[in-house]
Amino acid sequence: MTPLCDAVYSSVGAMNAYAKSLSDMDFGVNGITFIITDGGENSSVATTKMVKEELQKSVTGEVMESHLSVLIGIDTGGSSQAAIQQFQLETAIDKFIWAGEATIGKLAKLAEFVSQSISSTSQALGTGGPSQNISATI
């Protein structure tokens, strides 16, 4: 199990800080966050409310043109799809994808999906809009 709230809160916070520094140097910034988890949560200091607020700062602070967050649930044998989806709802993460069992083939498809999504987000920079619609069959 992982301190899931702490991990997401700190990684999104670091992304926001870096985006701000780029923006301060007159660079345009789009962001995309991938959270790949089995849904395990143990002893986080951060709460789901704190995660939600940090995700909202990504675009409400006008540091980024757009930000997309994607929660990808994987089954490691004891994972709960319902628990991961509940985390998505409580934190207002944009998209949820259930990848199922973590096989070599599915992890390879996941890597391809992440690569395409990053490319799409980068290409949307400067358009004033979000990246292309992301849909995945993993």
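Undergrad: It is not clear to me how the overall build of the chain should be interpreted in this structure. Could you clarify?
TA: Within the chain, the secondary structure is distributed over four helices and three strands. From first element to last, N terminus to C terminus, the chain shows the α and β order α-β-α-β-α-β-α. Taking all 138 residues of the chain together, 38% fall into the buried category. The long-range share in the chain, meaning contacts at least 24 apart out of those at least 6 apart in sequence, stands at 78%.

Undergrad: Just checking my understanding: could you explain unusual backbone geometry for this structure?
TA: One can expect most non-glycine residues to show negative phi and most peptide bonds to be in trans. With phi around 65°, Asp 26 is a residue other than glycine that occupies positive phi space. Here Asp 26 falls in the exposed class, since its relative accessible area comes to 73%. With a phi angle near 60°, Ala 92 is a residue other than glycine that sits in the positive phi range. One can find Ala 92 in the loop between helix H3 (81–91) and strand E3 (95–101). On the basis of relative accessibility, which here comes to 39%, the residue Ala 92 falls in the partly exposed class.

Undergrad: Is there a simple way to explain the pairing of E3 in this structure?
TA: A regular strand places its side chains on the two faces of the sheet in alternate fashion. Relative to E3, strand E2 (residues 66–75) is paired through six bridges, and the arrangement is parallel. The partner of Gly 73 across the bridge, within E3, is Trp 98. Taking the sense of rotation as the criterion, the β-α-β connection linking E2, H3 and E3 turns out right-handed.

Undergrad: Can you walk me through the packing of helix H2 (residues 48–60) against H3 in this structure?
TA: Relative orientation of the contacting elements H2 and H3 amounts to 55°, with a least axis distance of 8 Å. Between H2 and H3, the angle falls in the class oblique. Contacts from Thr 48, Val 51, Lys 52 and Leu 55 in H2 reach Phe 87, Glu 90 and Thr 91 in H3.

Undergrad: Whenever I open this one, H3 confuses me. Can you help?
TA: In an α-helix, one turn spans 3.6 residues; hence positions three or four apart end up facing the same way. Residues of H3 that are buried: Ile 84, Phe 87, Gln 88 and Thr 91. Along the axis of H3, the buried positions cluster into a sector of 100°, meaning they face one direction only. Among the exposed residues of H3, those pointing more than 90 degrees away from its buried face are Ala 82 and Leu 89. Ala 92 occupies a position one or two residues after H3 and carries a positive phi of about 60°.

Undergrad: Would you take a moment to explain the pairing of strand E1 (residues 30–37) for this structure?
TA: Most of E1 sits inside the fold, with six of its eight residues counted as buried. A crossover links E1 with its parallel partner E2, the connecting element being H2, and its sense is right-handed.

Parameters and conventions
Residues numbered from 1 in each chain as written. Predicted model: local features only at pLDDT ≥ 70, side-chain atom pairs only at ≥ 80, totals over all residues. Heavy atoms only, no water. Helix = DSSP H or I, 4+ residues; strand = E, 2+ residues; numbered from the N terminus. Buried < 20%, exposed > 50% of the residue type's maximum accessible area, 1.4 Å probe, protein only. Contact = heavy atoms within 4.5 Å. Pairing = 2+ DSSP bridges. Right-handed = clockwise from strand over helix to strand, strands pointing away. Axes fitted to C-alpha atoms, helices over the stretch in contact; angles between N-to-C directions. Parallel < 35°, antiparallel > 145°, perpendicular 65-115°, else oblique. Arc of directions from axis to C-beta.

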